[in-house]
Amino acid sequence: MPRKKTSKKPPKKTRTEYVPHIATGKAPPCHVDGCREPGEYKAPKSRDELHEYHWFCLGHIREHNQQWDYFAGLEPDDIEYFVKDAVTGHRPTWNRESQVRDQYFKLHDALYEFLTDSKRPAKPTPPLTAKLRKALATMDIEYPYTVKGLKVQYRAMVKKHHPDVNKGDKKSEELFKQITAAYHTLSEHIKSL
Ligand SMILES: [Zn+2]
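Procedures and definitions
Residues numbered from 1 in each chain as written. Predicted model: local features only at pLDDT ≥ 70, side-chain atom pairs only at ≥ 80, totals over all residues. Helix = DSSP H or I, 4+ residues; strand = E, 2+ residues; numbered from the N terminus. Buried ≥ 20, exposed ≤ 12 C-beta atoms within 10 Å, placed from the backbone. Contact = placed C-beta atoms within 7 Å. Core = buried A, V, L, I, M, F, W, Y, C linked by C-beta atoms within 7 Å. Axes fitted to C-alpha atoms, helices over the stretch in contact; angles between N-to-C directions. Parallel < 35°, antiparallel > 145°, perpendicular 65-115°, else oblique. Nonpolar A, V, L, I, M, F, W, Y, C, P; charged D, E, K, R; others polar. Expected span 1.5 Å × (residues − 1). Left-handed = near helix turned anticlockwise from the far one by under 90°.

Chemist: Explanation requested: the overall build of the chain in the structure shown.
Modeler: In terms of helices and strands, the chain carries six helices and two strands. Shown N-terminal to C-terminal, the secondary structure of the chain runs as helices and strands in the order β-β-α-α-α-α-α-α. Looking at the chain residue by residue over its 193 residues, the buried ones come to 15%. Taking the intrachain contacts of the chain between residues at least 6 apart in sequence as the baseline, contacts between residues at least 24 apart amount to 40%.

Chemist: What am I meant to see in the nonpolar core here?
Modeler: Here is a general trend for soluble globular proteins: nonpolar side chains tend to be buried in one another's company. Ranked by size, the top nonpolar core spans nine residues in total: Ala135, Met139, Leu150, Met157, Phe176, Ile179, Ala182, Tyr183 and Leu186. Put simply, the parts of the chain that give this core at least two residues each are α4 (130-139), α5 (147-161) and α6 (170-192). In contact with Ile179, not counting residues within four places along its chain, are Thr138, Met139, Met157, Val158 and His161. Counting residues in hydrophobic clusters, the runner-up holds seven residues, among them Val32, Tyr41, Trp55 and Phe56.

Chemist: Would you mind showing me how to read the packing of α5 against α6 here?
Modeler: Working note: a packed helix pair is described by the angle between its axes plus the distance between those axes. Across the interface, α5 lies against α6 with an axial gap of 10 Å and an inter-helix angle of 170°. Relative to α6, the element α5 lies roughly antiparallel. Contact residues: α5 offers Val147, Leu150, Tyr154, Met157, Val158 and His161, while α6 offers Ser172, Leu175, Phe176, Ile179, Tyr183, Leu186, Ser187 and Ile190. Classifying every residue of the contact of α5 with α6 by side-chain character gives eleven nonpolar, three polar and no charged.

Chemist: Quick question: what am I supposed to make of α6 here?
Modeler: With 23 residues, α6 should reach 33 Å at 1.5 Å per residue; the first-to-last C-alpha distance of 33 Å fits that figure. Where α6 is concerned, the buried positions are Phe176, Ile179, Ala182, Tyr183 and Leu186. If you follow the buried residues of α6, they end up packed against α4 and α5.

Chemist: Help me understand unusual backbone geometry, please; the structure alone is not making it clear to me.
Modeler: Glycine aside, the phi torsion of most residues is negative, and most peptide linkages are trans. For the bond running from Tyr143 to Pro144, omega is 0°, close enough to zero to count as cis. Note that Pro144 resides in the loop between α4 and α5. Despite not being glycine, Asp140 shows a phi value in the positive range, around 55°. Its place among the elements puts Asp140 in the loop between α4 and α5.

Chemist: What is the right way to look at the packing of α4 against α6 in this model?
Modeler: The geometry of α4 relative to α6 is characterised by a closest axis approach of 9 Å and an angle of 125° between their N-to-C directions. The orientation of α4 relative to α6 falls into the category oblique. At the point where α4 passes α6, the crossing takes the left-handed sense. Contacts from Lys131, Leu132, Ala135, Thr138 and Met139 in α4 reach Gln178, Ile179, Ala182, Tyr183, Thr185, Leu186 and His189 in α6. Taken together, the residues that form the contact of α4 with α6 break down as seven nonpolar, four polar and one charged.

As structure tokens, then:
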């Protein structure tokens, strides 16, 4: 199919361009808290879940999409500053070489938090392996965790359970091994995200 000639600035989307992705009767409620409209339009949940969607009503999907206009014409440094400044939760470090899609979603998250003054609803917890769950329990931390949070917790637990501190207590020694293994598991996991 021949591509349509595109002008430099895409025309603003009109209502007719927003064709519902689902029949009205089958639409889930809009994802936005407190909105009672049917969520007839879908958007990827996050950069990690491009095939998982949140459903929005027309008003909210437009808001969702139009947020991107705010960044048009900004210098990369300014966008980077915005992302670092606005995001409340842990995000991977901004990476100039990262894929456009990644940047898109980082901006998306940052804007959402900035505009709604709230943390983006936590990403649904991916299915955790038994190994990960065990490691989380051993480290006594919850998912999702951050690299920093993990380190802080690890340090605290090492201080408490290091065999040297516990004068060769066997239980401490065993626990120390488990904690260290769990730390390793959780570090690797977060790096793989
Ligand atoms: Zn809505």
